[in-house]
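# Structural description and commentary
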Amino acid sequence: MPTTAVIFDFFGTLTPSTPAHVWDDHAARSAAPLGIPTRTWRTALDTSFPERATGALGDLAATFRTLALRSGAEPDDEALEAACSARLAAQRELFGLRDDAVPTLTALRARGLRVGVLSDCTAELAQTWAQLPLAELVDARVLSCEEGRRKPDPELFRLIARHLDAVPQDCLYVGDGGGHELTGASGCGMRAFMLRATDWTGNDAHAREDDWPGPYLSTLTDVLTLVEPSPAATDPL
């Protein structure tokens, strides 16, 4: 069956990989206003990712208050606001796209294909989404923090397909492998491809399936070799 929609993971796929030292730096920025040691705060962020990625701890302020208490601190409102501002600024640095992301998504849409994003993410991406240039190039998004589910939950893959007016068998999925997403996508009937860009080995990702036995791509641009223009995009008027 022809591909009618292409679904991308966000972090490490549409965006460059994030190595561990960047996460450490970002943790330090939001730990400082709270008076919490960076390593303690980084551990709190890491261990709480399953909760944060499903929205279980509430918005960013509520999340940080809970994590601060778990870390032995009781920040006042001013310290909490400063920590949240530092976190948002740091996260926005991670929202920048790969150089070939916009050209690839633009070309896919020009071929009549629908484009989706399915991301395991925390509240910061949902809060910032409408401000991202990417938003105008994406026909549908599914964010784990809004759905209360994480990859590889099959309902997330079925949901993004429905939002794109497609069945999973008509969808191509591209991701770096975090959260066992490729197994999840292929298990639902999608054609799944791992993006193994030049920075892939340095990416510090949650539960990445490094032993993925399926096909992979070296660049986002390679996606264009996998799809053909839809009839609607090529038929003469």
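In what follows, the structure referred to is the one given above.
Presented here is an overview of the structure given in this document. Source: prediction; values computed, not measured.

About the criteria used
Residues numbered from 1 in each chain as written. Predicted model: local features only at pLDDT ≥ 70, side-chain atom pairs only at ≥ 80, totals over all residues. Heavy atoms only, no water. Axes fitted to C-alpha atoms, helices over the stretch in contact; angles between N-to-C directions. Helix = DSSP H or I, 4+ residues; strand = E, 2+ residues; numbered from the N terminus. Parallel < 35°, antiparallel > 145°, perpendicular 65-115°, else oblique. Left-handed = near helix turned anticlockwise from the far one by under 90°. Contact = heavy atoms within 4.5 Å. Nonpolar A, V, L, I, M, F, W, Y, C, P; charged D, E, K, R; others polar. Buried < 20%, exposed > 50% of the residue type's maximum accessible area, 1.4 Å probe, protein only. Pairing = 2+ DSSP bridges. Polar contact = N/O pair within 3.5 Å; in protein donor to acceptor, adjacent residues only side chain to side chain. Expected span 1.5 Å × (residues − 1). Phe/Tyr/Trp six-rings, centres within 6.5 Å; stacked < 30°, edge-to-face > 60°. Lys NZ or Arg CZ within 6 Å of the ring centre and 35° of its normal.

### Let's talk about the packing of helix α2 (residues 20–34) against helix α6 (residues 77–93)
- Running from N to C, α2 and α6 cross one another at 165 degrees; their axes reach a closest spacing of 7 Å. Of the possible angle classes, the one that applies to α2 and α6 is roughly antiparallel. Along this stretch, α2 crosses α6, giving a crossing that reads as right-handed. Residues Trp-23, His-26, Arg-29, Ser-30, Pro-33 and Leu-34 of α2 form the contact with α6, whose participating residues are Ala-79, Leu-80, Ala-82, Ala-83, Ala-86, Arg-87, Ala-90, Gln-91 and Glu-93.
- Tallied by class, the residues present in the contact of α2 with α6 amount to 9 nonpolar, 3 polar and 3 charged.

### Here's the deal with the pairing of strand β1 (residues 5–8)
- Neither face of β1 is open: one carries Ala-5 and Ile-7, the other Val-6 and Phe-8, and all of them are buried.
- As paired strands, β1 and strand β2 (residues 114–119) are joined by 4 bridges and run parallel to one another. Pairing of Phe-8 across the sheet is with Val-117, part of β2.

### Concerning helix α10 (residues 154–163)
- Among all positions of α10, only Leu-156, Phe-157, Leu-159, Ile-160 and Ala-161 are buried.
- For α10, the capping residue at the N-terminal end is Asp-153, with a side-chain oxygen 2.9 Å from the backbone nitrogen of Glu-155.
- Two residues or fewer after α10 comes Asp-165, characterised by a positive phi angle close to 55 degrees.

### Re α6
- The terminal C-alpha atoms of α6, which comprises 17 residues, lie 25 Å apart, in line with the 24 Å expected from a rise of 1.5 Å per residue.
- Ala-79, Leu-80, Ala-83, Cys-84, Ala-86, Arg-87, Leu-88, Ala-90 and Gln-91 are the residues of α6 that are buried.
- Among the structural elements, α1 (10–14), α2, α3 (38–47), α4 (49–52), α5 (60–70) and α8 (123–128) are those in contact with the buried residues of α6.
- The N-cap residue of α6 is Asp-76: its side-chain oxygen and the backbone nitrogen of Glu-78 are 3.2 Å apart.

### Structural notes on the packing of aromatic side chains
- Across all of its chains, the model carries 6 aromatic pairs by this definition.
- Between Phe-157 and Tyr-173 the ring centres are 5.6 Å apart and the planes differ by 70 degrees, which places this aromatic pair in the edge-to-face class. Within this pair, whereas Phe-157 is found in helix α10, its partner Tyr-173 is found in strand β4 (residues 171–175), the two being separated by 16 residues in sequence.
- When its relative accessible area of 0% is taken as the criterion, Tyr-173 is described as buried.
- Linked through ring pairs, Phe-10, Phe-11, Phe-95 and Trp-129 together constitute an aromatic cluster.
- Here Arg-196 stacks its cationic end above the ring of Tyr-216, 5.9 Å away from the centre of that ring.
- Over the ring of Trp-200 we find Arg-208, and its NZ or CZ is 3.7 Å from the ring centre.

### What about the pairing of β4?
- Where burial is concerned, most of β4 is hidden: 5 out of the 5 residues are buried.
- In the sheet, β1 pairs with β4 via 4 bridges, with the strands oriented parallel. Counted as the bridge partner of Ala-5 is Cys-171 from β4.
- With 4 bridges joining them, β4 and strand β5 (residues 191–195) adopt parallel strand pairing. Each bridged residue has a counterpart across the sheet, and for Tyr-173 the counterpart in β5 is Ala-192.

### Quick look at the sheet that holds β5
- Reading across the sheet, the 6 strands line up as β3-β2-β1-β4-β5-β6 and stay open at both edges, with parallel pairing between neighbours. Either end of the sheet is taken by a strand with one partner, and the two such strands are β3 (140–143) and β6 (216–217).
- Along the sheet, α10 contacts β1, β2, β3 and β4; its crossing angle with β3, the most-contacted strand, is approximately 160 degrees.

### Some details on the packing of α5 against α6
- Their axes nearest at 10 Å, the elements α5 and α6 cross at an angle of 115 degrees. Accordingly, the angle class assigned to the pair α5 and α6 is roughly perpendicular. The interaxial crossing formed by α5 with α6 has right-handed handedness. Side by side, α5 and α6 meet where Leu-60, Ala-61, Phe-64 and Arg-65 of the first sit next to Asp-77, Leu-80, Ala-83, Cys-84, Arg-87 and Leu-88 of the second.

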